[in-house]
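Structural features, examined
The lines below spell out each chain.
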Amino acid sequence: MPINRNYSFIAKVYLLLVLALCSTPGFGQALRSVKDFDNGWMFHLGDVPGAEKLTFKPVGWRTLNLPHDWSIEGQFSKDNPATPEGGALPGGIGWYRKVFTVQLSSKGKLTYIDFDGVYQKSEVWINGHRLGFRPNGYISFRYELTDYLNYGTKPNVITVKVDNSTQPNSRWYSGSGIYRNVWLVTTGQVAVDQWGTYVTTTDVSEESAVISIKTTINNNILNPDKKFTLSTAIYGPDGKPIAGNISPEYYLKDGMVNTSQGIRILKPKLWSVDSPYLYKVLTKVIMDNKPVDEYWTTVGIRYFDFDKNKGFSLNGKAMKILGVCNHHDLGSLGAAINIRAMERQLQMLKEMGCNAIRTSHNPPAPELLDLCDKMGFIVMDEAFDCWEKPKAKFDYHLYFKEWAKRDLTDQLLRDRNHPSVFIWSIGNEIPEQGDSTGTRIAKELAAVVKEYDNRPITTANDKPWNGNFIVKSGELDLVGYNYHHNDYESFHKTFPGMKFIGTETTSALQTRGHYDMPSDSIRRWPNNKEMKNGVGIMNADYTVSAYDNVSAPWGSTHEETWKLIKKHNYLSGMFVWTGFDYLGEPTPYTWPARSSYFGIIDLAGFPKDVYYMYQSEWTNKPVLHIFPHWNWEAGKTVDVWAYYNNADEVELFLNGKSQGVKRRRGEDLHVMWRLKFEPGTLKAVSRKNGEVVLTKEIHTAGAPAKIELVADRNNLTATGKDLAFITARILDADGNVVPNADNRVTFKLTGNAFIAAVDNGDPVSHDPFKADNVKAFHGLALGIIQARDTPGTIAVTAVSPGLSTAVIYLKIK
Ligand code: GAL
């Protein structure tokens, strides 16, 4: 590959050329257009054979904007075919239809429709012509429309059939429909192909780095005499062009032309989780001295290593991977993606000190990876939850043989430029770990990955022992452990010479705000005796104590696994199951529970107490968190826990009287006092060298008296998609949160906005999420407000019988 060693001269010449091009008439005209194609679809729930035909009239179909998840609009029922495991919401078949025109100026260009994800088994038609079928609900795909389009005023009709009727097909809530974004892309006849750049960085140091760009050009002209060049500019994190080059001339001899360029840049700003500096590459295709396509690729410059003894390092510095696993649902918004909802989740995790995300167990929305690039998260990008053997009757195993290589290739091509992606996982708890087909398939999938990228490959193994046929394939760069924390310390004996990653850990269980005494014994739950016919728990009250002392039998408490990961350098990191509660898999209970208890943060986005354990361990900011609440029966023995850092000790006072000073000893991650309850004030003081670091107080709350509204953000953008997450807190007359308040709160709006969903984090609630009211759960409720696309003011009012009303104002700009 040509590398510009004479950097400064060539860069100057190049930049002059760029400026010259910018000033030629026509520059800046859209050479490629990528249009958000989300608005103005029609939808019908239920099968309508023949709806793809041009003569079809969509009578009674509803109009909506994508992304859309029809399951989340439904009613919870244990009889829905998804089963409580899949979230207990309806599936079925749905049809989408959009009528649109294409301007005359697009004639002679190439037009595509890009779907970021459709769950699942989608079939697409344009003007009655069938474009194809895609079974995988998490993969992004494109169809070319050019040959079937009408231009000018004559309308076109896109029809999409989505079939999520064969269930169960998932071990968690999948959602149904066109739940990710759709784009209409137009390019010239010679253009960068879909996912057509592959940008890598090599030779990275503080001094310089080489940005290598491979480009695939889709050539529709097929004129062997025509030539093109690529002109490439690199833009720095400040948005200014800093380097570039112009390629040699290439002949347009084949349908696809692959090119390759290398550009050295000086003093690069390295991408890291703390400083996620991003560069941009602008690729221009030049023919007859004119740009015919422009294509942007985002790049991060960084290097990393997994070492069998020293663990993970980023840019030469040792670092633990402090990750969480998440499913793709966004709580009460369902699977329908929303950038702000994803960003909010990531912000909360970042605040906790989390630096890594596992996209369990499927390729994520592309915007999640954009956010991880920008915000500084390391991503383990996962492909599959099963291979040829099933986990659910109708899951992807039905399609694996025919589609897995194609889907994995598309995932790689789509995601490999993201600096946040560090690990490819080719499977989670794959049943083939136990037989020799595991070796064969691992080899086949690893070959696909290696064809497109050289980042480490792993699988998440619930059988992390040396007989594992997937590990035995020799194809894994990292041995992924799911659970089995008691085997971590014999890792090198089991897998000599290999490198470790805790692909999935913990599976601790908690209900936010619920506390059972005593708290100082650990419970694996459920155990067999507590199961009724293997499916439920006898005498269940559907709560799990929020002290970190309960886990699934295959897991651990949060503290147990973190203590181990923290202790040994060779344990490169962990992905806690899970960052957020998710719909489906309602462990340890089953119906009426319909969502998980695993999250560090609940389904509504309210942190459970253990969030602060991680924050005290994973960040440097001072933490002092005490719990439980202080509303108990007189005389009850109550355990008070404190998570703290940056301090030597914590002293607890009950109504002014010291309950003693506690210090964490050895590996301890919290301290505890056992008190007899008396109403009043519990106050904790953390101190370092005798100086007070932080003080926290909890008061016994009186009866619910009023609502307080707290918005995550008061200023929204008028895109039609921006959200405000409004927490309604039920307070007593003195302003204390009433810990067991379950008052029903109704949200009322004025202004250009609507209520996107409500929630309270209760895994057992069967109230609809698409509503204007919700009961508080342990004193808190959530209203998610979506701004429309016109500026103005929104007033959000929360009312509840017997409580004083609250109002909050938001601005849409
Ligand atoms: C793991 C599995 C996850 C989830 C979790 C619950 O074994 O990989 O998908 O089911 O258990 O603890």
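All values reported here derive from a predicted model rather than from experimental measurement.

Re the sheet that holds strand β45 (residues 753-759)
- The strand order across the open sheet built from four strands is β41-β43-β47-β45, with neighbouring strands paired in antiparallel fashion. Bordering the open sheet on either side are β41 (706-711) and β45, each of which pairs with just one other strand. Averaged over all pairs of adjacent strands, the angle between strand axes in this sheet comes to 25 degrees, irrespective of strand direction.
- Of the strand pairs in this sheet, β45 and strand β47 (residues 780-787) are connected by six bridges, and their pairing is antiparallel. Considered in β47, the bridge of A757 is made with I784.
- Of the strands in this sheet, β43 (723-731) and β47 are in contact with helix α2 (residues 339-352), which crosses β43 at around 55 degrees.

Brief notes about the environment of D462
- As for its placement among the helices and strands, D462 is situated in the loop between β26 (457-461) and β27 (479-482).
- Note on D462: relative accessible area 22%, which makes it partly exposed.
- In sequence terms D462 and R97 are 365 residues apart; their C-alpha atoms lie 43 Å from each other.
- Beyond its immediate sequence surroundings of up to four residues, D462 is in contact with E429, Q433, N482 and H484.

Section: empty space enclosed by the protein
- With the rule as written, the count across this model stands at seven cavities of 30 Å³ or more.
- For the largest cavity, the calculated volume is near 260 Å³.
- Considering the residues around the largest cavity, the lining is formed by 21 residues, among which Y119, Y138, N169, D395 and Y396 are closest to the centre.
- Grouping the amino acids of the lining of the largest cavity by side-chain chemistry returns 11 nonpolar, seven polar and three charged.
- Estimates place the volume of the second largest cavity at around 210 Å³.
- If you trace the second largest cavity, you find 17 residues lining it, with H327, H328, M342, P364 and L368 closest to the centre.

Observations concerning the UniProt feature "domain: Glycoside hydrolase family" (unreviewed entry) in the protein chain
- Sequence positions flagged by UniProt for "domain: Glycoside hydrolase family" (unreviewed entry) are, in local numbering, residues 707-808.
- Helix makes up 0% of residues 707-808 and strand 51%, whereas the separation of the span's terminal C-alpha atoms amounts to 11 Å.

Concerning the site of the ligand
- Close to the ligand lie R171, H361, N428, E429, N482, Y483, E504, S507, W554, W577, E585 and F598, which account for all nearby residues.
- Note that an oxygen atom of the ligand is positioned 3.0 Å from one of the side-chain N or O atoms of N428.
- Across the complex, the protein chains shield 94% of the 310 Å² of accessible surface that the ligand would expose by itself.
- Split into classes, the residues belonging to the shell around the ligand amount to four nonpolar, four polar and four charged.

Concerning the packing of α2 against helix α8 (residues 610-618)
- Running from N to C, α2 and α8 cross one another at 55 degrees; their axes reach a closest spacing of 7 Å. Viewed along their axes, α2 and α8 adopt a mutual orientation that is oblique. Only Y611, Y614, Q615 and W618 of α8 make contact with α2, whose side of the interface consists of M348, E351 and M352.
- By residue class, the composition of the contact of α2 with α8 is five nonpolar, one polar and one charged.

Considering the side chain of Q411
- By secondary structure assignment, the location of Q411 is in helix α4 (residues 397-415).
- Note on Q411: relative accessible area 2%, which makes it buried.
- Among the polar contacts made by the side chain of Q411, one reaches the main-chain carbonyl oxygen of E382 at a distance of 3.1 Å.
- Each residue touching Q411, except ones within four places of it in the same chain, is listed here: I139, P363, D381, E382 and A383.

Some words on the nonpolar core
- One finds W387 and W630 to be the most contacted residues of the largest nonpolar core, which totals 146 residues.
- Beyond its immediate stretch of four places on either side in the chain, W387 contacts H397, F400, I426, G427, I430, E432, G438, I441, A442, L445, T459 and I470.
- The next biggest cluster of nonpolar side chains, apart from the first, holds 28 residues, and it includes A724, A781, A798 and L803.

Details of helix α3 (residues 366-375)
- With eight of 10 residues buried, α3 lies mostly within the body of the structure.
- Those residues of α3 that sit buried are P366, E367, L368, L369, L371, C372, D373 and M375.
- Residues of α3 that are buried in the fold lie against β10 (182-187), α2, β23 (356-359), β24 (378-382), α4 and β25 (421-428).
- Looking at the residues trailing α3, positive phi occurs at G376, about 85 degrees.

Considering the packing of aromatic side chains
- On inspection of all chains with the given rule, the structure shows 46 aromatic pairs.
- On the basis of an interplanar angle of 70 degrees and a centroid distance of 5.5 Å, the ring pair of F384 and F400 is categorised as edge-to-face. Here F400 lies in helix α4 and F384 lies in the loop between β24 and α4, a separation of 16 residues in the sequence. Taken individually, F384 and F400 each receive the classification buried, so the pair is uniform in this respect.
- Relative to Y589, the ring of W525 has its centre 5.5 Å away and its plane inclined at 80 degrees; by these criteria the two rings are edge-to-face.

Digging into the UniProt feature "domain: Glycosyl hydrolases family 2 sugar binding" (unreviewed entry) in the protein chain
- Under the UniProt annotation, the feature "domain: Glycosyl hydrolases family 2 sugar binding" (unreviewed entry) is placed at residues 92-187.
- With 0% helix and 47% strand, residues 92-187 has its two end C-alpha atoms placed 36 Å apart.

What about the pairing of strand β11 (residues 190-202)?
- For β11, the buried fraction is high: 10 of the 13 residues fall into the buried class.
- As paired strands, β11 and strand β12 (residues 208-219) are joined by nine bridges and run antiparallel to one another. Bridging from a neighbouring strand, V190 pairs with N219 of β12.
- In this structure, the hairpin formed by β11 and β12 is closed by a connection of five residues, where D203 is found at a positive phi of approximately 60 degrees.

Thresholds, definitions, all that
- Residues numbered from 1 in each chain as written.
- Predicted model: local features only at pLDDT ≥ 70, side-chain atom pairs only at ≥ 80, totals over all residues.
- Heavy atoms only, no water.
- Pairing = 2+ DSSP bridges.
- Helix = DSSP H or I, 4+ residues; strand = E, 2+ residues; numbered from the N terminus.
- Axes fitted to C-alpha atoms, helices over the stretch in contact; angles between N-to-C directions.
- Contact = heavy atoms within 4.5 Å.
- Buried < 20%, exposed > 50% of the residue type's maximum accessible area, 1.4 Å probe, protein only.
- 1 Å grid on protein atoms, 1.4 Å probe; cavity = no way out; pocket = protein on both sides within 12 Å on 5 of 7 lines; lining within 4 Å.
- Points joined across faces, edges and corners; volume = space filled by probe spheres on them.
- Nonpolar A, V, L, I, M, F, W, Y, C, P; charged D, E, K, R; others polar.
- UniProt positions renumbered as here; feature names shortened; annotations may be inferred.
- Near = heavy atom within 4 Å.
- Polar contact = N/O pair within 3.5 Å; in protein donor to acceptor, adjacent residues only side chain to side chain.
- Areas by Shrake-Rupley, 256 points an atom, 1.4 Å probe, with all protein chains shown as cover.
- Parallel < 35°, antiparallel > 145°, perpendicular 65-115°, else oblique.
- Core = buried A, V, L, I, M, F, W, Y, C linked by side-chain atoms within 4.5 Å.
- Phe/Tyr/Trp six-rings, centres within 6.5 Å; stacked < 30°, edge-to-face > 60°.

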